[in-house]
Amino acid sequence: MKNVIIIVIALTCLFSCKNNGNYMFESKKFLKQVVGELSDSSCTFMTHSYGAFSTPMVTAEQLEKDLAPYFGDNVWTRIKVQRDLSKSFENDIEVFRNQVAISEFNNFKKELKSKDLSFWNELAEKYGCMKGYSIPIFTDNFEYAFVYEYALAGPLSGVGSCRIYRQENKKWILIKTFNEWVS
C-alpha cells in the first residue's frame, strides 16, 4: 500500500512539474509577444500571478460569464490552478529590461506602510508609472489566454482592463476587451 501511495505522489509531482514548465514557457512567450508590442520604456513593468497585486474590478459572476464561452465551465478552478502554478515563478519571469519583481514591489509597499509614507508620491518617485500584467490564464490547448492589465501613475491616473487573446498561426491576437476602468 505504501508503494502505491509513493507512486501516486511521484506521478502527481512529475505531472505538476511538467505542467508548470510548459505553463511557464507559454506564459513567457505570451508576455514577450503581447506586452512587448505595447512596451513603453518610460514605465516600470511588473508581472505577477492573477490577483497578486491588483485584480479586475468585476464580480466573480460577471468574470465567469465573460470567460465561459472561451474557457468552458469551471473557470474559477482553472484560474486557481494556474494562479497557484504561476506563483512558483512570478518573481523569476523576466520579460522586460525595466521590470520589478512582485516580491520587491510588495516589500516597497510594506516599507511605505511602516514609515507611514504616501503610496502615490513614493510610487511616482521610485518607479514613475507602473504597468502591470497578470501572468495569463490559458485554455488546456493554449488556444485562448486571459490577462488582466493596468497602468498606475497616481491616485487619479490609472487604467485597466481584462483581455482575451486567441492564438492564431503562433501569434496572439486580441479578440475581446472588457471590464475597462479609468481613474
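In what follows, the accompanying structure is described. Predicted model only: the values in this text are computed from it and were never measured.

So, the environment of Gln167
Looking at where Gln167 falls in the secondary structure, it is placed in strand E5 (residues 157-168). Residues Gln167 and Tyr144, 23 residues apart in the sequence, show an inter-C-alpha distance of 6.3 Å. Every residue in contact with Gln167, bar those within four places of it in the chain, is listed here: Lys29, Phe142, Glu143 and Trp172. Here Phe142 takes part through its backbone oxygen, which lies 2.9 Å from a polar atom of the side chain of Gln167.

Comments concerning the pattern of salt bridges
According to the stated counting rule, one finds seven salt bridges in the structure shown. Here Lys29 makes a salt bridge to Glu26, at a shortest N to O gap of 3.5 Å. Of this pair, Lys29 and Glu26 both sit in helix H1 (residues 2-37), separated by three residues, roughly a single helical turn. Residue Lys29 is classed as partly exposed on the basis of its relative accessible area of 38%. Its relative accessible area of 10% is what places Glu26 among the buried residues. Here Lys115 ties to Glu111 by a salt bridge, and the two come within 2.9 Å at their closest N and O atoms. With Lys115 and Glu111 both in helix H4 (residues 102-115) and four residues apart, the pair spans about one turn of that helix. Owing to a relative accessible area of 41%, Glu111 belongs among the partly exposed residues under this scheme.

A closer look at the side chain of Gln33
Here Gln33 is to be found in helix H1. The exposure class of Gln33 is buried, given its relative accessible area of 17%. Among the polar contacts listed, one links the side chain of Gln33 to the backbone nitrogen of Trp172, at a separation of 2.7 Å. With residues up to four places along the chain from it excluded, the contact list for Gln33 reads Lys170, Lys171 and Trp172.

Notes on the packing of aromatic side chains
Applying the stated criterion across every chain yields a total of 15 aromatic pairs. Between Phe30 and Phe138, the aromatic rings sit 6.1 Å apart at their centres with planes inclined by 85°, giving edge-to-face as the arrangement. Of this pair, Phe30 sits in helix H1 while Phe138 sits in strand E3 (residues 137-138), and the two are 108 residues apart along the sequence. The pair Phe30 / Phe138 is uniform in exposure class, with both members buried. Centre to centre, the rings of Tyr148 and Tyr150 are 5.6 Å apart; their planes meet at 35°, and the pair counts as tilted. On the accessibility criterion, Tyr150 (3% relative accessible area) is buried.

Some points on helix H3 (residues 75-87)
Its 13 residues place the ends of H3 18 Å apart at the C-alpha level, agreeing with the 18 Å of an ideal helix rising 1.5 Å per residue. Burial in H3 covers these residues: Val75, Arg78, Ile79, Gln82, Leu85 and Ser86. Looking straight down H3, one finds its buried side chains confined to an arc of 130°; they lie on one side.

Observations concerning H4
A rise of 1.5 Å per residue sets the reference length of H4, with its 14 residues, at 20 Å; its end C-alpha atoms lie 20 Å apart and thus fit the reference within 8%. Inspection of H4 places Ile102, Phe105, Phe108 and Leu112 among the buried residues, and these make up the whole buried set. One side of H4 carries all its buried residues, which in axial view fall inside an arc of 115°. Summarising the geometry of H4, the exposed residues directed more than 90 degrees from the buried face are Lys110 and Ser114. Residues of H4 that are buried in the fold lie against strand E1 (43-48), helix H5 (119-127) and strand E2 (129-134). Following H4 by one or two positions, Asp116 has its phi on the positive side, about 55°.

Reading the values: the criteria
Residues numbered from 1 in each chain as written. Predicted model: local features only at pLDDT ≥ 70, side-chain atom pairs only at ≥ 80, totals over all residues. Heavy atoms only, no water. Helix = DSSP H or I, 4+ residues; strand = E, 2+ residues; numbered from the N terminus. Contact = heavy atoms within 4.5 Å. Polar contact = N/O pair within 3.5 Å; in protein donor to acceptor, adjacent residues only side chain to side chain. Salt bridge = Lys/Arg side-chain N within 4 Å of Asp/Glu carboxyl O. Buried < 20%, exposed > 50% of the residue type's maximum accessible area, 1.4 Å probe, protein only. Phe/Tyr/Trp six-rings, centres within 6.5 Å; stacked < 30°, edge-to-face > 60°. Expected span 1.5 Å × (residues − 1). Arc of directions from axis to C-beta.

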